[in-house]
Amino acid sequence: MTAVLSLEQVSKQFPGVKALDNVSLTVAAGEIHALLGENGAGKSTLMKILCGIHQPDEGTIRLDGEPRRFTSYRDACATGVGIVFQEFSLVPWLSVVDNIFLGREPRNRLGLIRHAQMRAEANALFDRLEIDIDPEISVHRLSVADQQFVEIAKALSLNARVLVLDEPTAPLTPSEVERLFRIMRRLREDGVAMVFISHHLEEIFQICDRITVLRDGTYVDSCRVADTDHDALVEMMIGRRVENIFPPRQARAANSPLLLTAEIGLKQTDHTDSITLHRGEILGFAGLVGSGRSEFAMALIGAYPTRVAQIRLDGADVTFRSPADALDAGIGMLPEDRKRQGLILPFSCADNITLNHLGQFYRPAPFISRKQEAETVDAAMDQVRVKAPSAQTPVASLSGGNQQKVVIARWLDRGCRILIFDEPTRGIDVGAKAEIYTLMKRLAAQGIAIIMISSELPEITGLCDRVLVFSHGRIVAELADEAIEADTIMRHAVTEPRRNDVSHSVTEDA
Amino acid sequence: MSDATPSAAVAAPRRQRRSRWQRLLHSPMFFPLLGFIAVFIIMSLVNDRFLDLGNIQNVIRQGSVIGIIAVGMSFAIFTGGIDLSVGPVMALSGTIMAGLMAAGWPAPVAIAAGLCLGSAFGAFNGFCVAFGRMPPIIVTLATMGAAHGLALLYTGGYPISGLPSWFSWFGRGTLAGIQLPILIMLLTYAIAYVVLHHTPFGRYVYAVGGNEEATRLTGIRVPRTKMLVYTISGLTAAIAGLVITSRLMSGQPGIGEGFELDAIAAVVLGGAAIAGGRGVVLGTLVGAMLLAMLNNGLNLMGVSSYLQDVIKGGIILLAVYIGRGRDA
């Protein structure tokens, strides 16, 4: 086995945190190497060091045995390291071929771009990958999967011998994941070394050869996939047996009163789905990423265009034209993407938290009492345990988990009857997760109805009273109490809904 | 940044001192004030007439029209927008006031009509931006031309004179020894400060500029906020129209050309982020006064007006360079 790439005892210090401490990683030619670890374990930092975005404080990177020091991303690309980021770096309005050769277009003697050559090279790449993409098509018209394949082609066009794939399967459907794996197997035959990051252990067992596990910025172990199993990997990642971090399930007050019914059909679809929600209930929206869970929730609060939206709240018909209307009726939402949809980044923690209930601090009417505001904010921050020097700290300087807690704190004093949590624990550590689960249970016990959208099955099974499974934009199953099991949910989530399958008639089949 | 602290006992007071210093350093006002003080010292050194109490009042008064317009511009820029129509809206409001007074309307009614017209123009801008979802730079570019044309149409291209003599009070009068344009400007800033920092609407202005999507999803009525912002911008342009019409004692349809650029410069010099979400209205006041001081000082030094423009341009670039990428 010849190591193409090896990182030896790499350390990296960021202000206040040791992101990586003595981490090593060796990848051989024709090997798919899984890099595993919880959020914040240091995977992304390691990958950024590998491709020259960060420089290591200590340790060496060797490529074909030669010590290398990448000073920039460009530098790393030029030496044969390619990376496909989670967030794609394609220019949406340029064509596929223009994207692949962006910044290094072949020129003729007059300095003009040689289109024919570019097209021919792109086609050759696609042939090698056995994918069928028109190189002249504008990138924004491609599916997410195809865009990812273009990213891979772009990396290969630089003669990448090491290819890093950072959670490539997250936005893909199961059949697209299969296509991706086919491409990865082809590249493996060609001798390309790949580093594969994924949170789905099944995928790792399906495609990878070896595994390296990181935990809290330290190296735990490397092993062959064949020599390990699911439980052993989880234990390596977490460092202990998985304890139950979910609060004990209480018998839900039977027949708790109905709070909301909604029948919603999104614009540009020809079907409608309906949901019911009871007081004090935690209703889960399960399904794969892109299965339409968030869109449904957004449509519910008037933030997504609908064709049909019949909503009855507490027995009265209501219409929500905007999230502000929904909020007036007592429905609030914590969106999925906290940076883009949740936080006002230039604001302090305090200003972020009080933004949607400033009216509580009137003294007199249109003027806000800063003092009163500060007291409430301190209480809210204590309640969700935001770790910040003070309430006036700019929210941009907090870690992801603490930022998420700030977004959650915004809703604590808002007095909502219904709260929608879209991926509430994404990017936060285990301890903070447990706190958020307890908090959600407490809110539910107060009679607040909660809709939780989550891709993490343990979260759904551990917390929800009832679960709706989404697939391809539709609700395909409803599960309650004992029927809420991970494999049942997964089975429904990957099932393509039958056409003309009106409403959720599959309710009983679990 | 993170230096080692020998012991907790020593660290505590030190950290407090640093945080106060850092708060000042990180305030959007820091560099504007620094620049203001620097220019002030330079101007008073190179010419002895500059520090005259009379001259200083003149500087502030000369800056007051741009200063008042820049209040509305601040609101627009804090939301991440812009209002290019302020100059012609000012001229239009002023000429309407003059025209109605010349036609024999009582002055208070004429003034109120002018202020309403300016606000209505701003509200139209706001409607297009908020509900028509058009980019503010294009909307206000279009209405800038339209307002200019309307002012010329209304007056037939000629200045309107024959205003009641007491009307000159707003532009030339004094109250308690202070020139009225200065008082009007300070009052405008005081109100804007209270609105921006002590009312929910003010918080929404910054929130929209900081992250419009998040603001909308959290349940704030973003379109309503934007509509009000551009209405305020129209209103402050009309107030400036009142001051300038009174000062000149005639309704000038063509006045105010290029004022939008000076107002934008004042906001940016005041430390605001052009992308929105950051800035303070008192910074804008400092920025407007900085510009006025440059105009006055360079005039006193006998610098040609062509060269003045070059110098002002250079200073704006320098200010933006210093302020770029600073934390809130």
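Predicted model only: the values in this text are computed from it and were never measured. (Residues numbered from 1 in each chain as written. Chains lettered and ligands numbered in written order. Predicted model: local features only at pLDDT ≥ 70, side-chain atom pairs only at ≥ 80, totals over all residues. Heavy atoms only, no water.)

(A) Quick peek at the state of the cysteines. Residue and element names in this part refer to chain A. Scanning all chains against the criterion turns up zero disulfides over all chains. Left unpaired, C208 is separated from the closest cysteine sulfur, that of C223, by 11 Å. Look at C208 and you get buried, because its relative accessible area is 7%. (Disulfide = S-S within 2.5 Å. Buried < 20%, exposed > 50% of the residue type's maximum accessible area, 1.4 Å probe, protein only.)

(B) Structural context of the sheet that holds strand β13 (residues 282-287) of chain A. Residues and elements named next belong to chain A. Read across the sheet, six strands follow the order β16-β17-β18-β13-β19-β20 without closing on themselves; strand pairing throughout is mixed. What marks the edges here is a single partner per strand, and that holds for β16 (331-334) and β20 (474-480). When strand polarity is set aside, the average angle formed by the axes of neighbouring strands in this sheet is 20°. The pairing of β16 with strand β17 (residues 418-422) spans four bridges and is classified as parallel. Counterpart to G332 in the pairing with β17 is L419. Of the strands in this sheet, β13, β19 (466-471) and β20 touch helix α17 (residues 486-493), which is tilted by about 30° from β19. (Pairing = 2+ DSSP bridges. Helix = DSSP H or I, 4+ residues; strand = E, 2+ residues; numbered from the N terminus. Axes fitted to C-alpha atoms, helices over the stretch in contact; angles between N-to-C directions. Contact = heavy atoms within 4.5 Å.)

(C) Layout of the nonpolar core. Core analysis: the largest hydrophobic core is formed by 88 residues, its most contacted members being V65(B), I69(B), M73(B), F75(B), M90(B), F167(B) and Y189(B). Each residue touching I69(B), except ones within four places of it in the same chain, is listed here: V86(B), M90(B), T236(B), A237(B), A240(B), F259(B) and A263(B). In this structure, F246(A), V406(A), L463(A) and A477(A) belong to the second largest nonpolar core, which totals 49 residues. (Core = buried A, V, L, I, M, F, W, Y, C linked by side-chain atoms within 4.5 Å.)

(D) Quick peek at the confidence of the model for chain A. All names here are of chain A. Model confidence for chain A is summarised by a mean pLDDT of 85, while 92% of its residues fall at 70 or above. At the level of individual helices and strands, chain A shows its lowest average pLDDT in helix α8 (residues 230-238), which scores 77, and its highest in strand β18 (residues 449-453), which scores 95. Below a pLDDT of 50 lies the segment residues 500-510, which in the model reaches 14 contacts outside its immediate sequence neighbourhood of four places, other chains included. (pLDDT = per-residue confidence, 0-100.)

(E) Focus on the interface of chain A and chain B. Listed per partner, the contact involves 31 residues of chain A and 23 residues of chain B. Interface of chain A and chain B: buried area, both sides summed, is about 2200 Å²; carbon and sulfur atoms make up 58% of it. A salt bridge links D328(A) to R221(B), with the shortest nitrogen-to-oxygen separation between them at 2.3 Å. Here chain A and chain B share ten residue pairs in polar contact (both at pLDDT 80 or more) between them. In terms of residue class, the side of chain A that touches chain B is built from 18 nonpolar, five polar and eight charged. (Buried area = accessible area lost by both parts, 1.4 Å probe. Salt bridge = Lys/Arg side-chain N within 4 Å of Asp/Glu carboxyl O. Polar contact = N/O pair within 3.5 Å; in protein donor to acceptor, adjacent residues only side chain to side chain. Nonpolar A, V, L, I, M, F, W, Y, C, P; charged D, E, K, R; others polar.)

(F) Region of the structure containing unusual backbone geometry. Residues and elements named next belong to chain A. Cis rather than trans, the peptide bond between R363 and P364 has omega equal to -10°. Mapping P364 onto the fold places it in the loop between α12 (349-354) and α13 (370-384). Look at R385: it is not a glycine, yet its phi comes out positive at around 55°. Checked against the element boundaries, R385 lands in the loop between α13 and α14 (400-412).

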